[in-house]
Amino acid sequence: MLAEKRELPQRQVLADSVYEAVKAMIMDHVIKPGERVGIDAIARTLDVSPTPVREALSRLTADGLVTKRSLVGYRATELLTPQGLEELFEMRLLLEPRAAALAAENCDDEHLDRIEEVLERMRAVPYSGERYAGYGEFAALDQLFHDTITEASGRRLLADAVQRLHSHLHIFRLGGIAGAVQLTVAEHDRILRALLRRNPDRAFDAMTEHLTLSLERQCARD
């Protein structure tokens, strides 16, 4: 029994590390968009059994980075097209400003503290290079900032809809944009100040502005 209790955390650590390794391959296009994902080949590359690779691919399917078809297997999803990018932001602009306004009305001090903490971590986290290893933590905090606001809205279905978009994974997979980190943090700061003032109109406008500027930055990339 004790051996089983010690084994479970080790298995989870292995599963998480394989998940992150395969995700990095996809984000960095080591596994190219649309390319077949071979379980045995990845297992050999990472020197693990096929089991944690299958578990990782199942999680990555839920993330929208991998698709699975019967008799075909797994493939990395294609990159967002310009139209796909606009449609993604169209959905975000429908959902997230409303969530921010509701959060300004409904969030408690605990949620505000969590949102503020995430923003402070974003200010401090290093962001280097075009590879996932250099920006992955910032991307995760960016997603957490938005998810925590939607959670604070008090609307579970709204929060679930925003989280299921996995928008940050798809956007960061397109590559970095020079100067975007500082701009993102500044725009997040305006959203936070609106929430702290419990001002739903300002929160709505600040989130709308942030998403609109983010889309403009993405569309202007080289």
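In this text the structure is predicted, and so the values were computed from the model without any measurement.

*Asks:* Please clarify how the nonpolar core should be interpreted in this entry.
*Replies:* Nonpolar side chains in soluble globular proteins generally cluster together in the buried interior. Residues Val 22, Ile 31, Leu 57, Leu 60, Phe 145, Ile 149 and Leu 195 are the most contacted members of the largest nonpolar core, which totals 61 residues. Here this core gets 9 residues from one element, more than from any other, and that element is helix α4 (residues 82-106).

*Asks:* Sorry, what's going on with the environment of Lys 23 here?
*Replies:* Within the secondary structure, Lys 23 sits in helix α1 (residues 2-27). Residue Lys 23 is classed as buried on the basis of its relative accessible area, which comes to 8%. For the pair formed by Lys 23 and Ala 76, sequence separation is 53 residues and the distance between their alpha carbons is 10.0 Å.

*Asks:* Explain helix α9 (residues 180-196) here, please?
*Replies:* Taking 1.5 Å per residue as the helical rise, α9 with its 17 residues ought to reach 24 Å, and the 24 Å between its terminal C-alpha atoms agrees with that figure. Within α9, burial applies to Ala 180, Val 181, Thr 184, Val 185, Glu 187, His 188, Ile 191, Leu 192, Ala 194 and Leu 195. On its buried face, α9 is in contact with α4, α5 (109-124), α6 (132-152) and α10 (200-219). Just downstream of α9 lies Arg 198, where phi reads positive at about 55°.

*Asks:* I would appreciate a short explanation of the sheet that holds strand β1 (residues 36-37) in the present structure.
*Replies:* Pairing between the strands of a sheet comes from backbone hydrogen bonds, and it takes one of two forms, parallel or antiparallel. A sheet is described by the order of its strands in space; here 3 strands give the open sequence β1-β3-β2, paired in antiparallel fashion. Across the chains shown, the open sheet's two edge strands, defined by having one partner strand only, are β1 and β2 (66-69). As defined by bridge partners, β2 adjoins strand β3 (residues 73-76) across 4 bridges and the pair is classed as antiparallel. The residue of β3 that forms the bridge with Thr 67 is Arg 75. Across the face of the sheet, helix α3 (residues 50-63) comes into contact with β1, β2 and β3 while running at roughly 55° to β3.

*Asks:* How should the packing of α4 against α10 be read in this particular structure?
*Replies:* Axis angle and axis distance: for two packed helices, these are the angle between their axes and the distance between the axes, and together they describe the pair. With their axes 7 Å apart at the nearest point, α4 and α10 run at an angle of 160° to one another. In terms of their interaxial angle, α4 and α10 are classed as roughly antiparallel. In terms of crossing hand, the pair formed by α4 and α10 is right-handed. In this structure, α4 contributes Leu 85, Glu 86, Phe 89, Arg 92, Leu 93, Glu 96, Pro 97, Arg 98, Ala 100, Ala 101, Ala 104 and Glu 105 to the contact, and α10 contributes Pro 200, Ala 203, Phe 204, Met 207, Thr 208, Leu 211, Thr 212, Ser 214, Leu 215, Gln 218 and Cys 219. A class-by-class count of the residues in the contact of α4 with α10 yields 14 nonpolar, 4 polar and 5 charged.

*Asks:* Got a minute to help me understand a negative patch on the surface in this structure?
*Replies:* On the surface, a cluster of negative charge is contributed by Asp 108, Glu 110, Asp 113, Glu 116 and Glu 117. Looking at the element boundaries, Asp 113 is found in helix α5.

*Asks:* Hey, could you run me through the pattern of salt bridges in this one?
*Replies:* Across all of its chains, the model carries 12 salt bridges by this definition. Linking Arg 92 and Glu 96 is a salt bridge whose minimum nitrogen-to-oxygen distance equals 2.6 Å. Of this pair, Arg 92 and Glu 96 both sit in helix α4, separated by 4 residues, roughly a single helical turn. By relative accessible area, which is 1% here, Glu 96 ends up buried. Between Arg 156 and Asp 160 there is a salt bridge; the shortest N-O distance is 3.5 Å. Of this pair, Arg 156 and Asp 160 both sit in helix α7 (residues 156-164), 4 residues apart, which is roughly one turn of the helix. Here Asp 160 falls in the partly exposed class, since its relative accessible area comes to 26%.

Criteria and cut-off values
- Residues numbered from 1 in each chain as written.
- Predicted model: local features only at pLDDT ≥ 70, side-chain atom pairs only at ≥ 80, totals over all residues.
- Heavy atoms only, no water.
- Core = buried A, V, L, I, M, F, W, Y, C linked by side-chain atoms within 4.5 Å.
- Buried < 20%, exposed > 50% of the residue type's maximum accessible area, 1.4 Å probe, protein only.
- Helix = DSSP H or I, 4+ residues; strand = E, 2+ residues; numbered from the N terminus.
- Expected span 1.5 Å × (residues − 1).
- Contact = heavy atoms within 4.5 Å.
- Pairing = 2+ DSSP bridges.
- Axes fitted to C-alpha atoms, helices over the stretch in contact; angles between N-to-C directions.
- Parallel < 35°, antiparallel > 145°, perpendicular 65-115°, else oblique.
- Left-handed = near helix turned anticlockwise from the far one by under 90°.
- Nonpolar A, V, L, I, M, F, W, Y, C, P; charged D, E, K, R; others polar.
- Patch = residues over 30% accessible without salt bridge, like charges linked within 9 Å, V, L, I, M, F, W, Y side chains within 5 Å.
- Areas by Shrake-Rupley, 256 points an atom, 1.4 Å probe, with all protein chains shown as cover.
- Salt bridge = Lys/Arg side-chain N within 4 Å of Asp/Glu carboxyl O.
- Lys, Arg positive; Asp, Glu negative; His and termini not counted.
- Charge placed at Lys NZ, Arg CZ, Asp CG, Glu CD.

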